[in-house]
Amino acid sequence: RVAEADPVHLAGLIRTRCLVEPLALRESVSRGDAAWEDALAGAERRLARLPRLLDAARYVRNPEWEAAHIAFHRALIAACDAPPLLGFCERLREEADRYRALAGAVAFRKRDVAGEHAAIAAAALDRDADRAADLLTQHLATTGDFVQRAMIENRQGRAGGSRRRADTSGR
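These numbers were taken from a predicted model, which means no experiment stands behind them.

The rules we used
- Sequence order sets the numbering: in each chain, residues are counted from 1 along the sequence as written.
- Where totals are concerned, whole chains, interfaces and linings use all residues; where local detail is concerned, this predicted model gives features only for residues with pLDDT of at least 70, and gives and counts side-chain atom pairs only at 80 or more.
- Neither water nor hydrogens contribute to the side-chain values; these are computed over all heavy atoms in the structure.
- Each Phe, Tyr or Trp ring (for Trp, its six-membered ring) is paired with any other whose centre lies within 6.5 Å, and the angle between the two planes then decides the class: stacked below 30 degrees, edge-to-face above 60, tilted in between.
- Look at NZ for Lys and CZ for Arg. If either is within 6 Å of the ring centre and within 35 degrees of the ring normal, a charge sits over the ring.
- Computed over the protein atoms alone on a 1 Å grid, cavities are sets of points where a 1.4 Å probe fits but cannot get out and pockets are open sets with protein on both sides within 12 Å along at least five of seven lines; a residue lines them when it has an atom within 4 Å of a point.
- Grid points are joined across faces, edges and corners, and a volume is the space filled by probe spheres set on the points.
- Each helix is a run of DSSP H or I of at least 4 residues and each strand a run of E of at least 2, with the numbering of both proceeding from the N terminus.
- Salt bridge, as used here, is a side-chain nitrogen of Lys or Arg placed within 4 Å of a carboxyl oxygen of Asp or Glu.
- Only protein chains enter the calculation, and the probe is 1.4 Å; a residue is then buried if its accessible area is under 20% of its type maximum, exposed if over 50%, and partly exposed in between.

Visitor: Requested: an account of the packing of aromatic side chains, with residues and values cited.
Guide: For the structure on display, the rule yields zero aromatic pairs. Directly above the ring of Tyr99 sits Arg98, whose terminal nitrogen or CZ lies 5.6 Å from the centroid. Just above the ring of Phe146 sits the side chain of Arg149; from NZ or CZ to the centre is 4.8 Å.

Here it is in structure tokens:
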């Protein structure tokens, strides 16, 4: 058994990511060299080329996209030169990914995630740390909002199903 996802914990997790990851990105932008730029540009291109879903109708996630997504977010902050900060960001991202996976199809309705990633990368590569950090914060917060909504919808769906079963069981 796995503990049920907690919307309150998710909110704190997203807030923490919105505080910490933009800091790591600002440091990465200021410290990054040509190799960092190349790695970031390559990670963004790889991610942009992959379909997020293998089957949109059944919301079958593409494991290659998932791996490229992780690589992109790692590449953003890779040059921050603070291993404990990188480790903390990684732990937060892993925890957030669990929530994102639980949210399913709801989490990405009406979103241009590829466009968000491209804009963050462009700002970072332009060495505009403030814009890159703001875009990353918006990206993380938007994902958190979508996932939170999905969790609520999923809970309401389960509760409605339980009530329907209870209503029909007495007949």
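Visitor: Report on empty space enclosed by the protein, specifying residues and quantitative values.
Guide: For the coordinates displayed, the defined rule picks out one cavity of 30 Å³ or more. For the largest cavity, the calculated volume is near 160 Å³. Counting only elements with at least two residues in the lining of the largest cavity, the list comes to helix H1 (7-31), helix H3 (63-77), helix H4 (83-103), helix H5 (113-125) and helix H6 (129-169).

Visitor: So, the pattern of salt bridges: which residues are in play, and what are the values?
Guide: Oppositely charged side chains can pair when the atoms bearing their charge come close. Counted by the stated rule, this structure contains 13 salt bridges. As a salt-bridge pair, Arg26 and Asp130 come within 2.4 Å of each other at their nearest N and O atoms. One end of the pair, Arg26, is in helix H1; the other, Asp130, is in helix H6, with 104 residues separating them in the sequence. Using a relative accessible area of 30% as the deciding quantity, one classes Arg26 as partly exposed. Accessibility expressed as a relative area gives 48% for Asp130, which makes it partly exposed. Ionic pairing is found between Arg100 and Asp97, a salt bridge with its closest N-O pair at 3.6 Å. Note that Arg100 and Asp97 are positioned in helix H4 at a spacing of three residues, about one turn of the helix. Judged by its relative accessible area of 15%, Asp97 is buried. Connected via shared salt-bridge partners are Arg61, Glu66, Arg74, Glu90, Arg93, Glu94, Asp97 and Arg100.

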